[in-house]
Amino acid sequence: IKRWVMLLARSIASRVIRSQHRRFRVMSTAGDRGFRVLVTRKIPDVALERLRSVPGIQLDVYEHSAQAIPTEELLTRAKGVDGLLVLLTDKVSSDLIQAAGKNLKIVSTMSVGYNHVDTNALAEAGILLGYTPDCLTETTADTTVALLLVTARRVGEAMAAVRDGSWGTWQPLWMCGVDVHGSTVGILGCGRIGQAVARRLKAFGCRVLYSGPRQKAEADDLGCEYVSEETLLGEADFVVPMFPLNAATTGFFNMQRFKMMKRSAILINATRGEAVNQEDLLIALKDGLIGGAGLDVTTPEPLPPDSPLLALGNCVIFPHIGSATVATREKMAVMAADNLVAYAMGRKIPYQAKL
């Protein structure tokens with residue numbers, strides 16, 4: 001019996017060792033050279049350490065955080081890699097896929113959206129796409145409501161008045177904005193972020209309308225009212241698009257829709273810059289067709305300093321900071337890294353986009 005127990009113990013130990021070897025075995029499409037990953041920007045250290053902690057992953061990081069990797073350098077450094085970790089500023093095109101070569105099997109983007117990725121080209125090449133869904137809902141909702149408040153109460157103008165010395169004797173109507181509490185807010189596309197915005201604005205006593213392809217029980221449970229697009233645009237004091245960018249929503253806010261809005265209405269856009277026709281927006285703001293606009297996204301980004309929108313007192317522009325908190329950006333980076341780690345280890349990637 002004692003000998004049998006010893007043999008059983010050795011067998012179990014051997015299985016454990018083999019299991020550990022399998023656990024840390026890194027796949028590669030090019031023999032035993034390791035799994036090569038190019039990271040196109042200096043992302044939070046916690047994510048880079050996650051990648052470096054896996055034996056066999058060979059990391060190449062573009063060591064800049066304030067600038068995007070130049071296209072030519074991206075094409076050069078991508079040659080022969082197994083995986084790419086990219087940002088919204090990186091165009092994942094057929095040219096990049098061709099430059100990377102046959103070893104490229106996965107692209108992981110540190111973003112929720114992936115309009116910068118040629119998904120058709122990836123699908124044709126059999127390359128997987130990872131992304132970072134559902135990680136910035138609450139943070140982006142915070143920013144959206146902040147943008148709404150800043151625009152409604154003319155906070156940017158008020159701060160400038162303090163700095164430039166134009167703050168003088170108290171005046172009854174100086175720097176007066178509009179109330180958010182008790183107002184009517186219209187959300188176009190009441191998905192997760194839209195619902196998070198609605199929860200916050202309900203605390204202000206707002207009436208929240210929403211429109212979209214279908215009525216949503218989750219939004220109804222928050223006390224939101226499902227209405228037609230025409231009703232929403234005609235009744236809302238604040239119009240907040242929260243729909244995805246596609247062929248139907250690109251340029252959605254144009255002169256036709258501005259004319260459907262109340263003259264006092266304020267547009268708040270923290271979804272995609274391409275959703276707004278900025279030339280029409282400029283005319284609508286200058287001619288008083290709408291009361292104001294708050295934008296966290298523009299076309300292009302960054303917006304040129306000489307953009308006429310920046311000269312308007314009724315237009316507030318944030319530099320695309322919707323998800324800009326340390327905790328959220330670290331979470332996004334780790335999720336993007338985890339996609340690559342999982343693939344390298346031969347496991348299903350946790351956050352895979354459908355191509």
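Residues numbered from 1 in each chain as written. Predicted model: local features only at pLDDT ≥ 70, side-chain atom pairs only at ≥ 80, totals over all residues. Heavy atoms only, no water.

(A) Expanded view of the overall build of the protein. If you tally the helices and strands in the protein, you get 13 helices and twelve strands. Projected onto the principal axes, the alpha-carbon positions of the protein cover approximately 95 × 50 × 45 Å. Residues counted as buried form 45% of the 355 residues belonging to the protein. Intrachain contacts of the protein at a sequence separation of at least 6 include 60% that bridge at least 24 residues. Only carbon and sulfur atoms are counted for the fraction: they give 54% of the accessible area of the protein, which is about 18400 Å². Taking the average place of the 40 positive charges on the side chains of the protein and the average place of its 35 negative ones, the gap between the two points comes to 13 Å. (Helix = DSSP H or I, 4+ residues; strand = E, 2+ residues; numbered from the N terminus. Buried < 20%, exposed > 50% of the residue type's maximum accessible area, 1.4 Å probe, protein only. Contact = heavy atoms within 4.5 Å. Areas by Shrake-Rupley, 256 points an atom, 1.4 Å probe, with all protein chains shown as cover. Lys, Arg positive; Asp, Glu negative; His and termini not counted. Charge placed at Lys NZ, Arg CZ, Asp CG, Glu CD.)

(B) Looking closely at the packing of helix α2 (residues 45-52) against helix α13 (residues 326-344). The N-to-C vectors of α2 and α13 enclose an angle of 15°; their axes lie 8 Å apart at closest approach. Classified by the angle between their axes, α2 and α13 sit roughly parallel to one another. Between α2 and α13 the crossing geometry is right-handed. Of the residues in α13, those in contact with V46, A47, R50 and L51 of α2 are E330, A333, V334, A337, D338, L340 and V341. Across the contact of α2 with α13, the residue classes tally to eight nonpolar, no polar and three charged. (Axes fitted to C-alpha atoms, helices over the stretch in contact; angles between N-to-C directions. Parallel < 35°, antiparallel > 145°, perpendicular 65-115°, else oblique. Left-handed = near helix turned anticlockwise from the far one by under 90°. Nonpolar A, V, L, I, M, F, W, Y, C, P; charged D, E, K, R; others polar.)

(C) Structural context of a nonpolar patch on the surface. A surface patch of nonpolar side chains, amounting to about 340 Å² of accessible area, comprises V162, W167 and W174. Secondary-structure assignment places W167 in the loop between α7 (155-164) and β6 (184-188). Of the residues examined, W167 reaches a relative accessible area of 58% and is grouped as exposed. (Patch = residues over 30% accessible without salt bridge, like charges linked within 9 Å, V, L, I, M, F, W, Y side chains within 5 Å. Salt bridge = Lys/Arg side-chain N within 4 Å of Asp/Glu carboxyl O.)

(D) Geometry of the environment of A121. By the secondary structure assignment, A121 is in helix α5 (residues 119-125). Linking A121 and S94, residues 27 residues apart in sequence, is a C-alpha distance of 5.7 Å. Setting aside anything within four residues of it in sequence, one finds A121 in contact with S94 and I97.

(E) How the structure looks around the sheet that holds β6. Overall, parallel pairing links the seven strands, which are arranged β8-β7-β6-β9-β10-β11-β12 in an open sheet. Looking at the sheet topology across the chains shown, the edges are occupied by β8 (225-226) and β12 (315-317). Its contacts with the sheet place helix α6 (residues 137-152) against β9 (238-241), β10 (266-269), β11 (292-295) and β12, and it is angled at close to 150° to β10. (Pairing = 2+ DSSP bridges.)

(F) Inspection of helix α8 (residues 192-202) at higher detail. Taken as a whole, α8 has its buried residues at G194, Q195, A196, V197, A198 and L201. Close packing links the buried residues of α8 with α6, β6, β7 (207-211) and α9 (217-221).

(G) The arrangement of the confidence of the model for the protein in detail. Looking at the protein, the pLDDT average stands at 92 and 91% of residues meet or exceed 70. Note that pLDDT drops below 50 for residues 16-25; the model gives that stretch five contacts with residues more than four away or on any other chain. (pLDDT = per-residue confidence, 0-100.)

(H) Summary view of unusual backbone geometry. The amide bond that connects T299 to the next residue, P300, takes the cis arrangement and shows omega of 0°. On the secondary structure map, P300 appears in the loop between β11 and β12. Between E301 and P302 the backbone carries a cis peptide bond, its omega angle lying at -5°. Mapped onto the fold, P302 is located in the loop between β11 and β12.

(I) Summary view of the pairing of strand β1 (residues 35-39). Of all the five residues making up β1, four are buried; the element is thus mostly covered by neighbouring parts of the structure. Pairing of β1 with strand β2 (residues 57-61), which is carried by five bridges, proceeds in the parallel orientation. Within the sheet, the bridge partner assigned to F35 lies in β2 and is I57. Handedness of the crossover is the feature at issue here: the chain leaves β1, passes through α2, returns alongside β2, and the resulting connection is right-handed. Bridging between β1 and strand β3 (residues 83-86) involves three bridges; their strand directions are parallel. Residue pairing for β3: V37 is matched across the bridge by G83. (Right-handed = clockwise from strand over helix to strand, strands pointing away.)

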